[in-house]
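# Coordinates in review
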Amino acid sequence: DKESVGSWLDAQKGSADAIVAAATASANEKMTFMLAASGKAVSDAAIHCGNLTKELLGQYGGRGGGKPNFAQGSAANGTSSIELFESLKQLIGKA
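## Some remarks on the pairing of strand E4 (residues 70-75)
By the bridge criterion, six bridges tie strand E2 (residues 30-37) to E4 in an arrangement that is antiparallel. For methionine 31, the partnering residue across the bridge sits in E4 and is alanine 75.

Structure (structure tokens):
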């Protein structure tokens with residue numbers, strides 16, 4: 001469920017390593033996307049979860065945003081989690 005996923009992502013933000021963690025959850029035929037980054041990923045790799053989420057979900061008919069270390073949003077019904085994660089990898093590679 002969304003709470004469990006959110007708790008897991010919160011734990012990833014506290015890592016001493018540069019970590020970016022993403023998850024999807026489905027409820028009521030809607031895909032929720034969440035993205036978290038550790039402080040080291042934000043400072044050393046210039047990761048901004050809010051900007052990445054906004055750009056990523058916009059490609060899939062959705063919307064979202066947030067802070068440098070955490071963001072969430074939703075994608076259009078029928079969006080493939082696998083495609084979403086592949087696109088995210090490409091965006092992170094550009095960051």
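The rest of the description comes next.
## Some remarks on the sheet that holds strand E1 (residues 20-27)
An order of E1-E2-E4-E3 is seen for the four strands of this open sheet, with the pairing classed as antiparallel. Every other strand in the sheet has two partners, leaving E1 and strand E3 (63-66) as the edge strands with one partner each. Neighbouring strand axes in the sheet, compared pairwise and without regard to direction, differ in orientation by 15 degrees on average. On the sheet, helix H3 (residues 49-58) packs against E2, E3 and E4 and is oriented at approximately 10 degrees with respect to E4. Packing against the sheet, helix H4 (residues 81-94) makes contact with E1 and E2, and its axis sits at approximately 155 degrees to E1.

## Quick look at the environment of leucine 88
Checked against the element boundaries, leucine 88 lands in helix H4. Its relative accessible area of 5% is what places leucine 88 among the buried residues. When the C-alpha positions of leucine 88 and alanine 22 are compared, they lie 8.8 Å apart, and in sequence the two are 66 residues distant. Ignoring anything within four residues of it in the chain, the contact list for leucine 88 reads Ala22, Phe33, Leu35 and Leu56.

## Digging into the environment of alanine 23
Along the chain, alanine 23 falls in strand E1. Residues alanine 23 and valine 5, spaced 18 residues apart in sequence, show a C-alpha to C-alpha distance of 7.0 Å. Every residue in contact with alanine 23, bar those within four places of it in the chain, is listed here: Val5, Leu9, Thr32, Phe33, Met34 and Phe85.

What counts, and where the lines are drawn
- Residues numbered from 1 in each chain as written.
- Predicted model: local features only at pLDDT ≥ 70, side-chain atom pairs only at ≥ 80, totals over all residues.
- Heavy atoms only, no water.
- Pairing = 2+ DSSP bridges.
- Helix = DSSP H or I, 4+ residues; strand = E, 2+ residues; numbered from the N terminus.
- Axes fitted to C-alpha atoms, helices over the stretch in contact; angles between N-to-C directions.
- Contact = heavy atoms within 4.5 Å.
- Buried < 20%, exposed > 50% of the residue type's maximum accessible area, 1.4 Å probe, protein only.

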